[in-house]
Amino acid sequence: MASVGMSPKDEMVARFLDAAARGEVAKVSAMVAQSSSLVDASGENGWTALMLAARNGHADVVNTLLSNGCDKSLANQSGQTSYDIARFWGHKHIAGLLANSKGVDSHHLLPGSSTEGHENYFSREFLDRMSEKRTDGQWLQAKQSSPASVFILFLNLNPLVTSGAEETSESKADFRLCRLRWGSVEELATRPGTTLIFLGVEKQATPPSPSPAGDEDGLTAWFALNTDSDPTEDLRLSNPNGFFLKPFVPRLLQLSSDEAGVVAQARSVLAWHDRYSFCPTCGGRTKVDEGGYKRTCLKEDCRSRQGIHNTCYPRVDPVVIMLVIHPDGNQCLLGRKKAFPAGMFSCLAGFIEPGEAVEDAVRREVEEESGVKVGPVQYLSSQPWPMPSSLMIGCLAVAVSTHIKVDENEIEEARWFTRQQVIDVFTKNNQPTFTIPPRQAIAHQLIKHWIGVHANL
Ligand SMILES: NC(=O)c1ccc[n+]([C@@H]2O[C@H](COP(=O)([O-])OP(=O)(O)OC[C@H]3O[C@@H](n4cnc5c(N)ncnc54)[C@H](O)[C@@H]3O)[C@@H](O)[C@H]2O)c1
Ligand SMILES: [Mg+2]
Ligand SMILES: [Mg+2]
Ligand SMILES: [Mg+2]
Ligand SMILES: [Zn+2]
């Protein structure tokens with residue numbers, strides 16, 4: 001403890017050692033940020049902050065000191081290192097941290113790996129995709145003309161909806177997809193600028209009984225169409241209240257979870273047809289196969305027809321999105337792009353590059369965008385993001401450095417936010433100073449997960 005007659009410097013060291021011994025991680029971090037030489041300062045009998053934290057079992061302080069570059073090889077006047085001290089007092093976890101040659105082991109900052117029951121917007125599988133039926137032309141044909149089948153329609157990739165709130169047990173919808181019948185879309189389906197795809201059949205709790213109307217299996221099939229010629233006038237009679245949702249973000253986020261899942265699937269596949277209408281290998285004309293899940297080049301000697309080629313199948317672009325946790329466990333890193341609404345911050349994100357593992361993409365994108373280095377990475381959950389075909393791979397990650405230097409081309413600002421500041425955003429207490437994306441975005445769910453996991457702290 002500080003005592004009368006100490007120099008201001010000795011007094012600061014005494015306060016620092018005291019904070020480390022008591023496990024006051026926030027104070028330790030703040031003092032190191034002010035004066036980095038404190039990390040290796042010693043007091044009575046040559047004890048450093050690392051030794052005191054190791055003696056008293058404060059793993060979070062040990063990690064903070066390690067991540068700030070303290071020297072773990074120092075010994076006290078009895079010749080004991082922090083590692084010896086942790087072992088002697090039975091703190092195996094801390095001894096493990098200190099023995100680790102890389103210095104920082106911050107896995108304990110990642111919450112448990114259970115992601116059970118975690119569902120994101122756009123990820124609801126309302127339909128059974130029945131991929132085995134995509135090559136059954138006869139079955140597809142029968143379903144297409146069945147009066148029970150449902151058709152959803154897009155004009156230049158914007159879905160036809162009606163307004164009208166529909167409250168389900170889990171979500172409130174402001175818009176509903178117009179569910180059309182074959183009779184309303186039959187003529188449109190034959191127009192040159194229109195693509196028709198099979199989505200699947202409605203999942204059923206009990207096996208369906210064959211219907212007497214000759215609709216042999218009783219399954220309700222769903223199809224989607226995208227067209228470039230405005231069919232509004234033709235649909236006026238059957239759907240007087242229908243309109244195309246444009247611009248669709250953020251309004252697309254106001255469908256029910258079931259319908260959002262259907263749109264995620266349909267919009268991505270239809271966007272692929274829209275953008276890849278010619279053969280990527282030879283530039284020739286292609287035809288739609290397998291219920292819309294394949295395009296085949298019409299040129300018989302095209303290389304894309306020998307063997308299997310990913311150019312023939314709908315694309316999915318993997319994106320990592322991560323909430324980066326400060327080494328002190330009490331702050332997270334959020335950034336903002338110029339295009340964000342004023343005051344909004346979100347998780348950092350970026351496309352995975354060819355030949356790159358998820359963990360490496362997380363480390364690369366965080367360092368590129370914010371200058372912060374990342375250690376452990378943990379997958380949490382994923383989200384299809386049909387703008388047009390991203391798959392957001394949501395991760396938590398722990399930083400091993402804290403200095404921020406943003407890539408100004410991508411990010412306008414990045415900052416560490418304390419857990420309390422983030423809680424204020426959710427609870428709308430204490431006039432939050434920033435906002436985060438809406439609940440439908442996985443970024444929101446990652447941030448919420450981190451807060452929820454640490455709710456007891
Ligand atoms: N659901 C959510 O919560 C959420 C949050 C953030 C971002 N996102 C989505 O994630 C996507 C990627 O994030 P980002 O923009 O920060 O990525 P990023 O940091 O990799 O930067 C984008 C740049 O990457 C390049 N790029 C590389 N591969 C690409 C590909 N397949 N398609 C398009 N551009 C490619 C382009 O130059 C583009 O400008 C965005 O499109 C965004 O819509 C979703
Ligand atoms: Mg980037
Ligand atoms: Mg990015
Ligand atoms: Mg990138
Ligand atoms: Zn070809």
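Residues numbered from 1 in each chain as written. Chains lettered and ligands numbered in written order. Predicted model: local features only at pLDDT ≥ 70, side-chain atom pairs only at ≥ 80, totals over all residues. Heavy atoms only, no water.

**Examining the coordination of the zinc ion (ligand 5)**
For step 1, the next point in the chain: Bound to the zinc ion (ligand 5) are the protein donor atoms Cys279 (SG), Cys282 (SG), Cys297 (SG) and Cys302 (SG), situated 2.3 to 2.4 Å from the metal.
For step 2, the next point in the chain: Donor residues for the zinc ion (ligand 5), ordered by position in the chain, follow C-x2-C-x14-C-x4-C. Of the two residues, Cys297 and Cys302, both sit in the buried class. (Donors = N, O, S within 2.8 Å, 3.2 Å for Na, K, Ca; no water. Buried < 20%, exposed > 50% of the residue type's maximum accessible area, 1.4 Å probe, protein only.)

**Section: the state of the cysteines**
For step 1, the next point in the chain: Applying the stated criterion across every chain, the model contains zero disulfides.
For step 2, the next point in the chain: Cys312 forms no disulfide, and the closest cysteine sulfur to it belongs to Cys279, at a distance of 6.8 Å.
For step 3, the next point in the chain: Since its relative accessible area comes to 6%, Cys312 is described here as buried. (Disulfide = S-S within 2.5 Å.)

**Considerations on the packing of aromatic side chains**
For step 1, the next point in the chain: In the structure shown here, the tally under the stated rule is twelve aromatic pairs.
For step 2, the next point in the chain: Geometrically, the ring pair formed by Phe151 and Phe223 is stacked, given 5.1 Å between the ring centres and 10° between the ring planes. Note that Phe151 is positioned in strand β2 (residues 150–155) and Phe223 in strand β6 (residues 221–227), a separation of 72 residues in sequence.
For step 3, the next point in the chain: A residue is classified by how much of its surface remains accessible, and Phe151, at 0% relative accessible area, is buried. (Phe/Tyr/Trp six-rings, centres within 6.5 Å; stacked < 30°, edge-to-face > 60°. Helix = DSSP H or I, 4+ residues; strand = E, 2+ residues; numbered from the N terminus.)

**Side note on the UniProt feature "repeat: ANK" (unreviewed entry) in the chain**
For step 1, the next point in the chain: Cross-referencing UniProt, the feature "repeat: ANK" (unreviewed entry) maps to residues 45–77 in the present numbering.
For step 2, the next point in the chain: Taken end to end, residues 45–77 has its terminal C-alpha atoms 5 Å apart, with 52% of it in helix and 0% in strand. (UniProt positions renumbered as here; feature names shortened; annotations may be inferred.)

**Brief notes about the coordination of the magnesium ion (ligand 3)**
For step 1, the next point in the chain: Protein coordination at the magnesium ion (ligand 3) comes from Ala349 (O), Glu369 (OE) and Glu410 (OE), with a distance range of 2.1 to 2.8 Å.
For step 2, the next point in the chain: Donor residues for the magnesium ion (ligand 3) sit on one chain with the sequence pattern A-x19-E-x40-E.
For step 3, the next point in the chain: In this structure, the magnesium ion (ligand 3) lies 3.3 Å away from the magnesium ion (ligand 2), the two metals sharing Glu369 as a donor. Separated by 20 residues along the polypeptide, Ala349 in strand β12 (residues 348–351) and Glu369 in helix α11 (residues 358–370) bring together distant segments of the chain.
For step 4, the next point in the chain: Its relative accessible area of 25% is what places Ala349 among the partly exposed residues.

**Some thoughts on the pairing of strand β11 (residues 331–336)**
Side chains on a regular strand alternate between the two faces of the sheet.
For step 1, the next point in the chain: In terms of burial, β11 is largely enclosed, as six of its six residues are buried.
For step 2, the next point in the chain: The alternating pattern of β11 places Gln331, Leu333 and Gly335 and Cys332, Leu334 and Arg336 on opposite faces, both of which are buried.
For step 3, the next point in the chain: Taken together, the two bridges between strand β10 (residues 317–325) and β11 define a ladder with antiparallel strand orientation. Each bridged residue has a counterpart across the sheet, and for Val324 the counterpart in β11 is Leu333.
For step 4, the next point in the chain: Adjacent in sequence and paired antiparallel, β10 and β11 are bridged by five residues, among which Gly329 carries a positive phi angle near 75°.
For step 5, the next point in the chain: Of the pairings in the sheet, the one linking β11 to strand β15 (residues 413–418) comprises six bridges and is antiparallel in character. Among the inter-strand pairings, Gly335 is bridged to a residue of β15, identified as Ala414. (Pairing = 2+ DSSP bridges.)

**As for the pairing of β6**
For step 1, the next point in the chain: In terms of burial, β6 is a largely internal element, seven of the seven residues being buried.
For step 2, the next point in the chain: Residues Ala221, Phe223, Leu225 and Thr227 line one face of β6 and the alternating positions Trp222, Ala224 and Asn226 line the opposite face, and both faces are buried.
For step 3, the next point in the chain: Here six bridges tie β2 to β6, and the two strands are oriented parallel to one another. Looking at β6, one finds that Leu155 is bridged to Thr227.
For step 4, the next point in the chain: One ladder, built from seven bridges, connects strand β5 (residues 194–202) with β6; its direction is antiparallel. Each bridged residue has a counterpart across the sheet, and for Leu196 the counterpart in β6 is Leu225.

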